[in-house]
Amino acid sequence: MPIFAVFVTLLPFERLPWGDKIWTMNRLRYKDANSYYKERFGSKVYKAAIGLADSCPNRDGKCGTGGCIFCSEGGSGEFTISSGSIKESLDHAISMVSKKAGPDARYIAYFQSFSNTYVDPKRLDDALIEAASDERVVQIAIATRPDCLPQDIMEVLARHASQFPVMVELGLQTANDGTGKFINRCFDTSTFVDAVRRLSAIGCDTCAHVIFGLPGEDINDMMESVRVASICTGVKFTCLYIPKGTAIENIWKRGEVEVLGMEEYFDIVEKALDIVPEDKVIFRVTGDCPKKLLLAPLWTSDKRRVINYINRRFGS
Ligand code: SF4
């Protein structure tokens, strides 16, 4: 093969005839989670969602009560398995995806629901030791709040991140502190920025969650959230959901908030993709609210249609 051809095939991007840039790895306009995992771990990996924390400081009164207005009873982790020890939870969570994943699949131990660094440091340490010692696990992902990273917790994270891949996921949702107050987030954006800097300094990867369609936000607010979130290793986008039993349900029923239509939502995602730097990972372009909780927008429950739409719109 000529040297020029070798060079071309090694490029991560190519240009489509109409000018759009496309990742050669996934034929998408962005670097997705699968491409990142393949690059990092050499194969596709699957998430095994397990539990550690059972509350957060925004629910138990430490910094707020009632939680974020969109947060469900399960702490936004309805797919989380919490059955006995970490090993038992992992076995259970893995058994639920192993049929699709196959016997040799590798996994991310994903501490998903509530704020998983809002626990005793020793408990976190023990949980991380147990998860990392499981030979099926290639990375630990920890969902938490940016104001739940005191020094003793950072020391635990630093120790593990020096030996094993650790990703910390933070629910920024918006960079607009006014909206942050409205959704009862109970931390400000500067706390998020500081947390990402501290986590990066100790070798943790980071991921920020951003919600499009929050009440009162226009496109400029949303793009500013994308800019701020892009200081992380990667981002997860989702539209605003109305889950049953949450504070946002009442606001929605009073007609004070509208949800986004599918085209409208992906128009926003498209603008966001233009802003996120090329080296950042788009871990998710849309979220996943359990069907039994979802009141709106109902188009999000038709996963096959949404995936086809994403591939058509953002693929080659
Ligand atoms: S910080 Fe997370 S767990 Fe706590 S209320 Fe908000 S979304 Fe729910």
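A. Spotlight on the overall build of the protein. In terms of helices and strands, the protein carries 11 helices and 11 strands. The C-alpha atoms of the protein give 20 Å as radius of gyration, which agrees with the globular expectation for 316 residues (20 Å, within 12%). Taken along the three principal axes of its C-alpha coordinates, the protein extends 65 × 50 × 40 Å. For the protein, the proportion of its 316 residues judged to be buried stands at 54%. Surface exposure of the protein reaches about 14,900 Å², of which carbon and sulfur atoms provide 52%. Looking at charge distribution, the protein has the averaged site of its 39 positive side-chain charges lying 4 Å from that of its 41 negative ones.

B. Region of the structure containing helix 11 (residues 303–314). The terminal C-alpha atoms of helix 11, which comprises 12 residues, lie 16 Å apart, in line with the 16 Å expected from a rise of 1.5 Å per residue. For helix 11, the set of buried residues is Val306, Tyr309, Ile310 and Phe314. Considered in projection along helix 11, the buried side chains sweep an arc of 100 degrees and stay on one side of the axis. In helix 11, the exposed residues that point more than 90 degrees away from the buried face are Arg304 and Arg312. Taken together, the buried residues of helix 11 touch strand 2 (21–23) and helix 10 (262–275).

C. Region of interest: the layout of surface pockets. Approximately 250 Å³ is the volume found for the second largest pocket. Lining the second largest pocket are 14 residues, and of these Arg29, Tyr30, Leu273, Val276 and Glu278 sit closest to its centre. When contributions to the lining of the second largest pocket are tallied by element, the ones reaching two or more residues are strand 2 and helix 10.

D. Structural view of the environment of phenylalanine 114. With respect to the helices, strands and loops of the structure, phenylalanine 114 is situated in the loop between strand 4 (106–111) and helix 4 (121–132). Along the chain, phenylalanine 114 and valine 306 lie 192 residues apart, while their C-alpha atoms are 27 Å from each other.

E. Inspection of the nonpolar core at higher detail. If you look at the biggest cluster of nonpolar residues, it comprises 76 residues, and the most contacted ones within it are Phe111, Leu157, Phe192, Phe212, Phe237, Tyr265 and Phe266. When residues of this core are assigned to their parent elements, the largest contribution, seven residues, is made by helix 10. Look past the residues within four positions of phenylalanine 111 in its chain and what remains in contact with it is Ile50, Gly51, Leu52, Ile86, Asn116, Ala127, Leu128, Ala131, Ile140, Ala141, Ile142 and Ala143.

F. The arrangement of the pattern of salt bridges in detail. Scanning the entire structure with this criterion turns up 21 salt bridges. Close ionic contact of arginine 185 with aspartate 177 constitutes a salt bridge, the shortest N to O distance being 2.9 Å. Among the salt bridges present, the one from glutamate 224 reaches arginine 227, with a minimum N-O distance of 3.2 Å. Remark: arginine 227 and glutamate 224 occur in helix 8 (residues 219–229); sequence separation between them is three residues, near one turn of the helix. Taking relative accessible area as the criterion, glutamate 224 reaches 38% and is therefore assigned partly exposed. One salt-bridge network, in which partners are shared between bridges, spans Arg29, Asp267, Glu270, Asp274 and Arg313.

The rules we used
- Residues numbered from 1 in each chain as written.
- Predicted model: local features only at pLDDT ≥ 70, side-chain atom pairs only at ≥ 80, totals over all residues.
- Heavy atoms only, no water.
- Helix = DSSP H or I, 4+ residues; strand = E, 2+ residues; numbered from the N terminus.
- Rg over C-alpha atoms; globule rule 2.2 N^0.38 Å.
- Buried < 20%, exposed > 50% of the residue type's maximum accessible area, 1.4 Å probe, protein only.
- Areas by Shrake-Rupley, 256 points an atom, 1.4 Å probe, with all protein chains shown as cover.
- Lys, Arg positive; Asp, Glu negative; His and termini not counted.
- Charge placed at Lys NZ, Arg CZ, Asp CG, Glu CD.
- Expected span 1.5 Å × (residues − 1).
- Arc of directions from axis to C-beta.
- Contact = heavy atoms within 4.5 Å.
- 1 Å grid on protein atoms, 1.4 Å probe; cavity = no way out; pocket = protein on both sides within 12 Å on 5 of 7 lines; lining within 4 Å.
- Points joined across faces, edges and corners; volume = space filled by probe spheres on them.
- Core = buried A, V, L, I, M, F, W, Y, C linked by side-chain atoms within 4.5 Å.
- Salt bridge = Lys/Arg side-chain N within 4 Å of Asp/Glu carboxyl O.

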